[in-house]
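Residue-level structural notes
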Amino acid sequence: MNKLLKHSIWVLIAILGASAVGGIALNRGESINALWFITAALCVYAIAYRFYAAWIAATVLIVDDTRATPAERLDNGRDFVPTNKWIVFGHHFAAIAGPGPLVGPTLAAQFGYLPGTLWILFGAVLGGCVQDMVTLFLSTRRDAKSLGQMARDELGSLGGTAALIGTFAIMIILIAVLGLVVVNAMKHSPWATFTVSATIPIAMIVGVYMRYFRPGQVLEASLLGVILLLLSVAGGRFIDEHETFRIVFDHEGLTLAWWVMAYGFAAAILPVWLLLAPRDYLSTYMKLGTITLLAVAIIMLQPEVKMPAITQFIDGTGPIFGGKLFPFVFITIACGAISGFHALIASGTTPKLLSNERDIRMIGYGGMLLESFVAIMAMIAATVLDPGVFFAINSSAGVVGADAVDAVAKISSWGYPVTVEQMQNLAQQMGEATLFARTGGAPSLAVGMASIFGSAFGESLLALWYHFAIMFEAIFILTTLDAGTRVGRFMLQDMLGNIWPKMGETSWTPSVILTSALVVSAWGYFLYIGVIDPNGGVNILWPLFGIANQMLAAIALCVATGIFIKSGKLQYVWVTGLPLVWLVTITSTAAWQKIASDDIRIGFFSAANDLTDKLAAGVLSPAKAAIAPQLIFNLHLDAWLTLFFVSLLWLIVFDMLRVCVRYLSGKPVLPLTESPHSPSRLVEDWVRD
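The rules behind each value
- Residues numbered from 1 in each chain as written.
- Predicted model: local features only at pLDDT ≥ 70, side-chain atom pairs only at ≥ 80, totals over all residues.
- Heavy atoms only, no water.
- Helix = DSSP H or I, 4+ residues; strand = E, 2+ residues; numbered from the N terminus.
- Contact = heavy atoms within 4.5 Å.
- Core = buried A, V, L, I, M, F, W, Y, C linked by side-chain atoms within 4.5 Å.
- Buried < 20%, exposed > 50% of the residue type's maximum accessible area, 1.4 Å probe, protein only.
- Axes fitted to C-alpha atoms, helices over the stretch in contact; angles between N-to-C directions.
- Parallel < 35°, antiparallel > 145°, perpendicular 65-115°, else oblique.
- Left-handed = near helix turned anticlockwise from the far one by under 90°.
- Nonpolar A, V, L, I, M, F, W, Y, C, P; charged D, E, K, R; others polar.
- Phe/Tyr/Trp six-rings, centres within 6.5 Å; stacked < 30°, edge-to-face > 60°.

1. Observations concerning the side chain of Glu 371
- With respect to the element layout, Glu 371 can be found in helix H16 (residues 360-383).
- In contact with Glu 371, other than residues within four places in its own chain, are Phe 93, Ile 96, Ala 97, Pro 101, Cys 335, Gly 336 and His 342.

Written out as structure tokens, the structure reads:
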């Protein structure tokens, strides 16, 4: 009877989920309730986690809870530290959940709510979650080696070296863009700057508390951290309203950039238990708390999604970014669906903390499901705004005009009416001088979140909710930056260890300091270039960010596919092979268009040539002419980096295919590098569901 009841519940969940997805997909011409989005997401996630993820873990990966993990076998108190699974989950989620699940869906809403929502749901359960869980498993079985090092060990020197170089170079771009987004979010915002800064000493207090004062008392430490974190949020408002303290935390972008670089360096060299793990763990509370509160508010209000299912901008004429629906909706939404950056975390820091293989499904697959839900929340927050308001906030002055009257006339002509008075009133409610041309996705997302929170919990607090949302976004980003820097240090140590083995020792202090400094200097250079760019930097780097991120995911799936075949699991190769084929298709298409397109809003080279011609003809304003050489250089740099990345991707794909063909034809290949089985001393009773 119990078995029948359990099966009946899952059948009902499947029916409800299918009905919700069908309602979202088939609705045309009428507004749709945002509650359907939450229903569809929760049902899809529940079924995928309970059945697909469980099947992969038990049948394809064959996780072993009696096997000692690298964190246990190589425990050194600095990088390899067996850690409570909930803290690891919090750290892992905080590290992977950067700007992508917030900004990507917001920007992609220019195509309408439908394409992005479907990609977030099914891209995650079939691709992103699989990549995260499989990479975490493979790295755990290989002494927590980085993705690039696993590629070198399993595929050979050619593909492995290409993967090492490619993953490291791509990651530098990713971290630079993350840093740029967080700097722009904190620039001249004392409230956000104070609160984000306060999380650092709070994390160190929690880390010391759990390690020396009350070891193992996770609940106590969590309560302490949450209380201090909430006090820091409240204190941010006091700082923002205090004339003297406000000046202390009110900084230009370049000053904040130097502080972000210093923080990245500190996060990379300090013991993981002192700063990185507790800070990410505490940030997770704020992230999960905010997203849960947003979901509760949506359930209470049941707001109507005002953006059409599909807009006219699927043809590539969108005002926010150029490019057609295919492939750019899949490039714009990376995190939230599938993100290569996650593979760096899953093969960088998380395996060094994992105390038991049984937690791989929860942390790898479950963590990505949670990030996908964040992306769904972001899509809802963006699309419940009036479309005219959405486009007024996210469209640059160069597209709609610098004058407010011209901007609203242009946007209204697209069929999305908006007025100057409407935008002025909204800006006043949010405590801002203006909301026109606040590109990048973060401001419009904050407006959407504040509107929902205000309607549910008090419209008199709109300015409070808006600035809270901006701070919430900044914390999302910074926790990914610190983990990414640490992963970059591990990757560089792996590469240098092939030349000088001593440099490959992840805990050797000279190696730690040198490689950390090199990694921070590399992404710091691109961050500096973006910060001093008068056009904001994000506009020119975000397309490269999206393409590079998805290429990195393809590299991770290449490595996983090759290992599956070498492990005699040919019958399961489709688990990683199908997402790999899709990613190679969309990234190659997008890269080709960004390199070769004649449309100056799409092609890097064409945009650079157009700007060069205008500069030579003297038709640019003095201010534009002064920065034109720098913009031209950045466009050429983006183009050549895109070409470099796609070339490396195809080199790795062909090398993986070469290894697979040799193995299947009985020819010798490099042996599997999985560590021998070692019984765990930390095993606890575990009952499979």
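2. Thoughts on the nonpolar core
- By size, the foremost hydrophobic cluster in this structure holds 213 residues, and its most contacted members are Tyr 45, Tyr 365, Met 377 and Trp 523.
- When near neighbours in sequence (up to four residues on either side) are disregarded, Met 377 contacts Ile 38, Ile 291, Leu 294, Ala 295 and Ile 298.
- Residues Ala 607, Ala 608, Leu 611 and Ile 627 belong to the second largest nonpolar core, which totals 11 residues.

3. Description of the packing of helix H6 (residues 113-140) against helix H14 (residues 325-332)
- At their nearest, the axes of H6 and H14 sit 10 Å apart, and the two run at 55 degrees to each other. Relative to H14, the element H6 is oriented oblique. Read as a crossing pair, H6 and H14 show a hand that is right-handed. Judged by residue contacts, Pro 115, Gly 116 and Trp 119 of H6 engage Leu 325, Val 329 and Phe 330 from H14.
- A breakdown of the residues in the contact of H6 with H14 according to their chemical character gives five nonpolar, one polar and no charged.

4. What to know about the packing of aromatic side chains
- Taken as a whole and judged by the stated rule, the model has 26 aromatic pairs.
- Taken together, a centroid distance of 6.4 Å and an interplanar angle of 10 degrees make the contact between Tyr 52 and Trp 55 stacked. One end of the pair is Tyr 52 and the other is Trp 55, both in helix H2 (residues 35-61) and three residues apart, which spans about a single turn.
- Ring plane angle 35 degrees and centroid distance 4.6 Å describe the contact between Phe 453 and Trp 465, whose orientation is recorded as tilted.

5. Quick notes on the environment of Trp 542
- Among the structural elements, Trp 542 can be located in helix H24 (residues 538-566).
- A relative accessible area of 8% places Trp 542 in the buried class.
- Along the sequence, Trp 542 and Ile 173 sit 369 residues apart, while their C-alpha atoms lie 9.7 Å from each other.
- Among all residues touching Trp 542, those that are not within four sequence positions of it are Gly 100, Val 103, Gly 104, Leu 107, Val 177, Val 181 and Thr 332.

6. Let's talk about helix H17 (residues 387-394)
- A large share of H17 lies buried, amounting to eight of its eight residues.
- By the burial criterion, the buried members of H17 are Pro 387, Gly 388, Val 389, Phe 390, Phe 391, Ala 392, Ile 393 and Asn 394.

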